[in-house]
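Listed below are the residues making up each chain.
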Amino acid sequence: MGIMDGKVVFITGGTRGIGNATTRLMLKEGVEAIAICGRSEDMVGPALAKLRADFPGRNIEGCWPLLTDATAVETAVKTFVDKYGRLDAACANAGITQSTSIKRMTPAEFEEQININLIGAFYLDRAAGLIMRNQKFGAIVNTASMTGLYGSGMGAGYGASKGGVIALTKSLGRELGFFNIRVNCVAPGSIKTDMTAGINDVAMKAVNDGIALHRMGEPEEVGNAIMFLASDLSSYVNGACLSVDGYAT
Ligand code: NAD
């Protein structure tokens with residue numbers, strides 16, 4: 001018995017990092033079917049092939065809708081749901097970051113952060129929420145960031161987008177709770193993925209010095225939190241923002 005036994009799950013940003021770790025954890029915990037979504041066929045294809053090789057015989061699908069196109073996202077989710085009959089959980093995890101001071105950041109760069117991180121999450125939540133509303137059950141888990149809670153010193157667009165994801169989560173948790181749909185988010189701190197791979201040693205020491213556990217997190221440590229919020233183990237958790245940051249300050 002696994003905690004994801006019989007669950008049908010759609011996750012964006014499943015090709016690598018936190019999303020891929022979450023997908024693997026869910027497969028180990030018995031998920032019935034899972035769809036990973038990424039930027040392009042070139043990114044999704046190899047990730048999908050690796051997952052299918054590592055978990056033979058399991059229901060693993062892949063897609064690459066433009067996250068900023070509401071109709072494309074809706075179609076991708078609907079295609080998956082039509083095949084497996086329902087949607088138990090949706091995880092809006094895809095995201096991009098930028099580390100640019102306000103002096104150098106262009107309006108277009110700021111908008112891109114909002115478009116992918118916040119509006120992209122909203123489009124997935126909307127597509128999933130409408131299906132779940134008809135079903136009268138479901139769990140939505142968004143990936144925010146500690147910068148959404150505390151701000152980011154070098155990336156106002158990123159921090160603003162993630163603050164929006166937290167407010168989006170709380171708003172939808174209120175609205176959709178009536179339909180037996182829970183909406184929660186995780187707020188990761190510094191996690192070892194491609195997103196943080198370029199951080200130099202000096203900056204990394206400064207980051208780690210500000211974390212009570214004095215280390216970065218592993219993608220699986222966030223994946224476990226996402227999986228908890230997507231599973232029935234969190235059946236009375238709604239509108240929560242779960243920090244997964246080793247207690248960052
Ligand atoms: P990552 O760069 O390893 O993975 C990002 C994923 O998002 C990839 O699968 C990528 O294909 C997908 N993605 C990005 N833009 C996309 C687009 N336009 N369309 C479709 N897919 C797209 O990063 P990660 O660290 O695994 O990040 C996952 C989530 O966690 C993001 O929302 C990120 O903001 C958040 N987060 C990460 C950290 C960290 O320290 N790594 C900290 C806080 C929050």
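Whatever comes next refers back to the structure up there.
All values reported here derive from a predicted model rather than from experimental measurement.

### Points about the pattern of salt bridges
Inspection of every chain in the model, using the stated rule, returns 13 salt bridges. Notably, a salt bridge pairs Lys50 with Asp54, separated by 2.9 Å at the nearest N-O pair. With Lys50 and Asp54 both in helix H2 (residues 41-54), this residue pair falls four residues apart, about one helical turn. Between Glu61 and Lys83 there is a salt bridge, with its nearest N and O atoms 2.9 Å apart. You can see Glu61 sitting in strand E3 (residues 59-63) and its partner Lys83 sitting in helix H3 (residues 70-84), a full 22 residues away along the chain. You can call Glu61 buried: its relative accessible area is 19%.

### Focus on the sheet that holds E3
Overall, parallel pairing links the seven strands, which are arranged E3-E2-E1-E4-E5-E6-E7 in an open sheet. Strands with a single pairing partner mark the edges of an open sheet, and in this sheet they are E3 and strand E7 (241-244). The mean angle between the axes of side-by-side strands here comes to 15°, regardless of whether they run parallel or antiparallel. Bridging between strand E2 (residues 33-37) and E3 involves five bridges; their strand directions are parallel. Opposite Ile34, over in E3, you have Ile60 as the bridge partner. Across the sheet, H2 is in contact with E2 and E3; its angle to E3 comes to roughly 175°.

Parameters at a glance
Residues numbered from 1 in each chain as written. Predicted model: local features only at pLDDT ≥ 70, side-chain atom pairs only at ≥ 80, totals over all residues. Heavy atoms only, no water. Salt bridge = Lys/Arg side-chain N within 4 Å of Asp/Glu carboxyl O. Helix = DSSP H or I, 4+ residues; strand = E, 2+ residues; numbered from the N terminus. Buried < 20%, exposed > 50% of the residue type's maximum accessible area, 1.4 Å probe, protein only. Pairing = 2+ DSSP bridges. Axes fitted to C-alpha atoms, helices over the stretch in contact; angles between N-to-C directions. Contact = heavy atoms within 4.5 Å.

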